[in-house]
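Architecture and fold: a report
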Amino acid sequence: MSPNKIIVIGSANTDMVVKATKLPLPGETVLGGTFYMNAGGKGANQAVAAARLGGNVSLVTKVGNDIFGKQTVEGLRKDGIKTDYVFTDNKSPSGTALIILNEEGENCIVVAPGANANLLPSDIEKVKQVSRAKIILMQLEIPMETIAFVVKNAKKTHQKVIINPAPAQKLDDELLKGLFLITPNETEAALLTGITVIDEETASQASKIFLDKGVENVIITLGKEGAYFENNNQHFKIPAPLVKVIDTTAAGDTFSGAIAVALTEKQDRSTIEWEQVVKFAIVAASKSVTRLGAQVSIPYKKEIVLY
Ligand code: RIB
């Protein structure tokens, strides 16, 4: 296996999307939407992003023994992702997500994890490649015990673990200590650090909390404002290009997948050109928001034009 391999460990969902004029309030019915069904799930989305942007990617996930699970595997293969470690759960259905979009491209998402909730450390033990991957990329749509298990083992083998802490959940200090990089958005950063991130200064305050806990590098995504990077040697903010937003679903996934790819091209921790890495990811994520859907909106490498 190539030493530049990326392993994504995370969820795969089928997204049921309704694009409406507005997001409903509790108890309200909004009439007049359009329905779409798309491949999604934060893990699968990030694997697709990494593959389309030039990475050598395997996805470790769990699907149900149903049509959604089969479609998920087919889709991943079309993107050149290795699916040897897509496990099948005979007891639970495949993960699904209900997504409502408004006219501004903002969304509300509810996830029924299904089989994703049964991706356990015992499954990870079967995945020989995990210890050989250059980058391990995870999100928080699978059990926390699985994530903690991977981080603990990766520490022993000195692998780079990236966590995109979405959907937002508390992470314990032991786990944070093992991270090469964390990529929260403002909301996730606020939940994890207690700092309300509204600008560069507050992004820096939040980043320092992660760094103090032993995370090596922090990137806080700031939506249309771009992204903020900080480690113990440098910090900077990179603005995002101005684009017409159609749908923000999977923008964060595209960002984290792109970061993983950019990092596989840089071998040595001391020579990583972080500004280039972050810029590449911002451009990829900005492209994804101009299109509807999760995986279907994720760009290919040839579409990335750095500014
Ligand atoms: O990040 C977007 C994803 O979140 C969607 O594809 C949905 O499946 C949920 O996992």
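Quick summary incoming for the structure in this document. Keep in mind that this is a model prediction, so the values were computed, not measured.

Another aspect to go through is the sheet that holds strand β6 (residues 95–101). Strand order in the open sheet made by the four strands is β3-β2-β6-β7, with mixed pairing throughout. The open sheet terminates on both sides in strands that have one partner only, identified here as β3 (34–40) and β7 (107–112). Averaged over neighbouring strand pairs, the angle between their axes works out to 20° when direction is ignored. Of the strand pairs in this sheet, strand β2 (residues 13–19) and β3 are connected by seven bridges, and their pairing is antiparallel. Bridging from a neighbouring strand, T14 pairs with A39 of β3. This element, helix α2 (residues 67–78), spans β2, β3 and β6 of the sheet and lies at about 95° to β2.

Take the pattern of salt bridges next. Tallied over the full model, the rule gives nine salt bridges. Among the salt bridges present, the one from R52 reaches D79, with a minimum N-O distance of 2.8 Å. Of this pair, R52 sits in helix α1 (residues 42–52) while D79 sits in the loop between α2 and β5 (86–89), placing them 27 residues apart in sequence. Of the two residues, R52 and D79, both sit in the buried class. In this structure, the salt-bridge partner of R291 is E303, at a minimum N-O distance of 2.7 Å. Here R291, found in the segment after α9 (274–288), pairs with E303, found in the segment after α9; they are twelve residues apart in sequence, far enough to count as distant. One connected set of salt bridges, linked through shared partners, spans K62, D123 and K126.

Here E188 is to be found in helix α6 (residues 186–193). The charged side chain of E188 is buried without a salt bridge, its nearest counter-charge being K42 at 6.1 Å.

Our next topic: the site of the ligand. Taken together, the neighbourhood of the ligand is formed by 14 residues, with D15, G41, K42, E141 and D253 sitting nearest. Between an oxygen atom of the ligand and a side-chain N or O atom of K42, the distance comes to 2.8 Å. One of the side-chain nitrogen or oxygen atoms of E141 is found 2.7 Å away from an oxygen atom of the ligand. In the complex, 96% of the free accessible area of the ligand, which totals 280 Å², lies under the protein chains. When the residues that make up the shell around the ligand are grouped by side-chain class, the tally is five nonpolar, five polar and four charged.

At a minimum axis separation of 8 Å, helix α8 (residues 251–264) and α9 run at an interaxial angle of 145°. Like other packed secondary-structure pairs, α8 and α9 cross with a definite hand, here right-handed. Residues A251, T254, F255, A258, I259, A262 and L263 of α8 form the contact with α9, whose participating residues are W274, V277, V278, F280, A281, I282, A284, A285 and S288. In terms of residue class, the contact of α8 with α9 is made up of 14 nonpolar, two polar and no charged.

With that settled, consider the packing of aromatic side chains. This structure, assessed with the given rule, holds four aromatic pairs. Taken together, the ring pairs connect F180, F229, F236 and W274 into an aromatic cluster. Looking at K160, its charged tip hangs above the ring of F180, at a distance of 5.2 Å from the centre. Lying across the ring of Y300, K302 places its NZ or CZ 5.3 Å from the centre.

Conventions adopted
Every chain is numbered independently, its residues counted from 1 as its sequence is written. Two thresholds apply to this predicted model, a pLDDT of at least 70 for residue-level local features and 80 or more for giving and counting side-chain atom pairs, whereas whole-chain, interface and lining totals are computed over all residues. Computation of side-chain values covers all heavy atoms of the structure but excludes hydrogens and water. In short, DSSP must find at least two bridges between two strands for them to pair. For the purposes of this entry, the term helix denotes a DSSP run of H or I that reaches at least four residues, the term strand denotes a run of E that reaches at least two, and both are numbered from the N terminus. Only C-alpha atoms enter the line fits that serve as axes; for helices the fit covers just the stretch in contact. Angles between N-to-C directions range over 0 to 180 degrees. By the convention used here, residues are in contact when the closest approach between their heavy atoms is within 4.5 Å. Salt bridges are defined by distance alone: a side-chain nitrogen of Lys or Arg within 4 Å of a carboxyl oxygen of Asp or Glu. Think of it in three bands: residues with accessible area under 20% of the maximum for their type are buried, residues over 50% are exposed, and the middle band is partly exposed, with areas taken using a 1.4 Å probe on protein chains only. Note on charges: Lys and Arg go in the positive column, Asp and Glu in the negative column, and His and the chain ends are not counted at all. Here a residue counts as near a molecule or strand whenever at least one of its heavy atoms sits within 4 Å of it. Any N or O atom pair separated by 3.5 Å or less is treated as a polar contact, with the protein-specific requirement of one donor-capable and one acceptor-capable atom, and with residues adjacent in sequence counted only for side-chain atom pairs. For the area figures, the Shrake-Rupley method with a 1.4 Å probe applies, and any residue is considered shielded solely by the protein chains shown. Residue type decides the class: Asp, Glu, Lys and Arg count as charged, Ala, Val, Leu, Ile, Met, Phe, Trp, Tyr, Cys and Pro as nonpolar, and the leftover types, Gly among them, as polar. Each crossing gets its handedness from the near helix: less than a right angle anticlockwise from the far helix is left-handed, clockwise is right-handed. Only rings of Phe, Tyr and Trp enter the pairing, Trp through its six-membered ring, and a pair is recorded when the two centres are within 6.5 Å. The plane angle decides the type: under 30 degrees is stacked, over 60 is edge-to-face, the rest tilted. Criterion for a charge above a ring: Lys NZ or Arg CZ within 6 Å of the ring centre, and within 35 degrees of the ring normal.

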